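Listed below, chain by chain, are the residues.
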Amino acid sequence: MTTAHATHVTLKTNLADSPVAAAMKDGRVASDIVRLDFCGPKTAHDGFKPMIRDNAFDAGELAIVTYLQAKAYGKPFVILPAPMVGRFQHHCVGFNKELGHLDPKDIEGKKVGVRTYAQTTGLWVRGILQHEYGVDPNKVEWYTVDESHLAEYRDPPNCHMLPKGSSIPEMMLNGELAAAILGNDMPKDPRVQTLVPEPIVAAKAWYQREGVVPINHVFAVHQDVTRKHPEAVREIYRMISESRALAPAAALETLPPLGLEANRKGLEMAIEWSYEQKIIPRRFTVDELFDDVTGALG
């Protein structure tokens, strides 16, 4: 973190190219107080591990599960009440229908692939399967290809690391895995069927009942920034808000709102499900995720 003079701070920032962040990245939304140096990798999630393990960035987006684990292991970051990515997750788990039909409950006792056990999409999909369809995630054998972003974390005993170079989509298609949580990486293949029946309808019903769009990524800053430059943090929040306002309406359809209270229920759900799934060792309160500066935003 470098400071040019008392009122100007430059922050190394990891932020994906997205319609929501476009106006911040192309300069339409800027600040005299803080300059965001967008030096992160092309894909934001490739920056999560260096941000948490090596303090490679002062600010930027983090998966909500990565942040909860960072909080659990005492990493010096705090979030703003500003989701950067969200989506409904009902469509993100599939199977090869030519190998036989599966209902959600049928995955108990079977092998299911997911990139990382503590991946945010995995959290939401397992929680939906558990709470909406009665699946016990502890009775599923989870097969992964990556480790957690947190070096301190160990996957639960029903998780197994696949050999290097394994392809979860291929293993699902050839029947080595009964199903796979793949999010945007679901193969465009006519054999693939979603495990959740009519997932778009199910997601709409969920939203009408719960009022929650699952949060994928939130904006986080190093705690030194909020302590030394609270005005910069307030500026970042303003910039995010203004950048959102300039995004196309379609980009906001599955984005959780700004503000702590508006996100309280979604954050409570992420915390509870992370605890249930042995991703974090204790439940946090929502207010613990913020400090005096970020908790007062929005």
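Calculation rules
Counting from 1, residues in each chain are numbered in the order their sequence is written. For a predicted model such as this one, the threshold for reporting local features is a pLDDT of at least 70, and the threshold for listing and counting side-chain atom pairs is 80 or more; totals across whole chains, interfaces and linings nevertheless cover every residue. Values shown for side chains rest on all heavy atoms present in the structure; no hydrogens or waters enter the calculation. Secondary structure elements follow DSSP: runs of H or I no shorter than four residues count as helices, runs of E no shorter than two count as strands, and numbering proceeds from the N terminus. The contact rule is simple, with two residues in contact once any of their heavy atoms fall within 4.5 Å. Each pair of aromatic rings taken from Phe, Tyr and Trp, with Trp reduced to its six-membered ring, is defined by centres within 6.5 Å and is described as stacked if the planes are under 30 degrees apart, edge-to-face if over 60, and tilted in the remaining cases. Each residue is assigned to one of three classes by its accessible area relative to the maximum for its type, calculated with a 1.4 Å probe on protein chains only: buried under 20%, partly exposed between the two thresholds, exposed over 50%. The criterion for a charge sitting over a ring is simple: Lys NZ or Arg CZ within 6 Å of the ring centre, and within 35 degrees of the ring normal. The disulfide criterion is simple: two cysteine sulfur atoms within 2.5 Å. Any pair of nitrogen or oxygen atoms within 3.5 Å is treated as a polar contact; in protein, a donor-acceptor pairing is required on top of that, and neighbouring residues in sequence qualify only through side-chain atoms on both sides. Per-residue confidence from the prediction method is given by pLDDT, with values spanning 0 to 100. Strands qualify as paired when DSSP identifies two bridges or more between them. With the strands aimed away from the viewer, a crossover counts as right-handed if its path from the first strand over the helix to the second runs clockwise. Cavities and pockets were defined on a 1 Å grid built over protein atoms only: a cavity is a set of grid points that admits a 1.4 Å probe from which the probe cannot escape, a pocket is an open set flanked by protein on both sides within 12 Å along at least five of seven lines, and lining residues are those with an atom within 4 Å of any such point. Grid points are joined across faces, edges and corners, and a volume is the space filled by probe spheres set on the points. Any residue that is not Ala, Val, Leu, Ile, Met, Phe, Trp, Tyr, Cys, Pro, Asp, Glu, Lys or Arg is counted as polar, Gly included; the first ten are nonpolar and the last four charged.

The chain appears in an unreviewed UniProt entry as ABC transporter substrate-binding protein from Pigmentiphaga daeguensis.

On to the side chain of Asn-263. Summarising the element assignment, Asn-263 is placed in helix α10 (residues 260-276). Excluding residues within four positions of it along the chain, Asn-263 makes contact with Pro-81, Pro-83, Ile-215, Pro-256, Pro-257 and Leu-258.

In this structure the tally under the stated criterion is 3 aromatic pairs. Centroid distance Phe-88 to Tyr-207: 5.8 Å. Interplanar angle 75 degrees. Geometry classified as edge-to-face. Here Tyr-207 lies in helix α6 (residues 199-210) and Phe-88 lies in the loop between β5 (77-86) and β6 (93-96), a separation of 119 residues in the sequence. Take Phe-88: its relative accessible area is 18%, and that puts it in the buried class. Summarising the aromatic geometry, the rings of Trp-124 and Trp-273 are spaced 5.5 Å apart at their centres and angled 65 degrees between planes, so their arrangement reads as edge-to-face. Linking Trp-124 in helix α4 (residues 120-133) with Trp-273 in helix α10, this pair joins segments that are 149 residues apart in sequence. Assessed through its relative accessible area of 6%, Trp-273 is described here as buried. Feature note: the residues Trp-124, Trp-206 and Trp-273 constitute an aromatic cluster, connected by ring pairs. It is Arg-126 that lies over the ring of Tyr-117; its NZ or CZ is 3.9 Å from the centre.

On to the state of the cysteines, then. One pass over the structure, following the stated rule, counts 0 disulfides. Here Cys-159 stays unpaired: no disulfide links it, and the sulfur of Cys-92, its closest cysteine neighbor, is 19 Å away.

Relative to the helices and strands, Ser-148 resides in the loop between β8 (141-144) and β9 (159-161). In the structure, Ser-148 is positioned 18 residues away from Gln-130 in sequence and 22 Å away in space, judged by C-alpha atoms. If we skip the residues at most four places from it in the chain, Ser-148 touches Lys-49, Arg-53, Gln-69, Thr-116, Ala-118 and Tyr-153. In this structure the side chain of Ser-148 is engaged in a polar contact, spanning 2.8 Å, whose partner is the side chain of Gln-69. Reaching out from Ser-148, the side chain makes a polar contact with the backbone nitrogen of Leu-150 at a distance of 3.0 Å.

Moving on, we come to the confidence of the model for the chain. When pLDDT is averaged across the chain, the result is 95; 98% of the residues are at 70 or more. Within the model, pLDDT remains below 50 along residues 2-6, and this stretch shows 5 contacts once partners closer than five positions in the same chain are excluded.

Sheet topology note: the strand β7 (residues 111-114)/β8 ladder contains 3 bridges and is parallel. Bridged to Gly-113 within β8 is Tyr-143. Since β7 and β8 lie parallel, the crossover through α4 that links them has a hand, and here it is right-handed. As paired strands, β8 and β9 are joined by 3 bridges and run parallel to one another. When the sheet's bridge partners are listed, Tyr-143 is paired in β9 with His-160.

This paragraph deals with empty space enclosed by the protein. Leftover empty space is mapped by rolling, across the atoms, a probe with the size of a water molecule. In total, this model carries 1 cavity of 30 Å³ or more according to the counting rule given. By volume, the largest cavity is sized at about 40 Å³. Sorting the residues of the lining of the largest cavity by element identifies β5, β12 (215-222) and α10 as the ones contributing at least two each. If one sorts the elements of the lining of the largest cavity by residue count, β5 sits on top with 5 residues. Grouping the amino acids of the lining of the largest cavity by side-chain chemistry returns 9 nonpolar, 1 polar and no charged.

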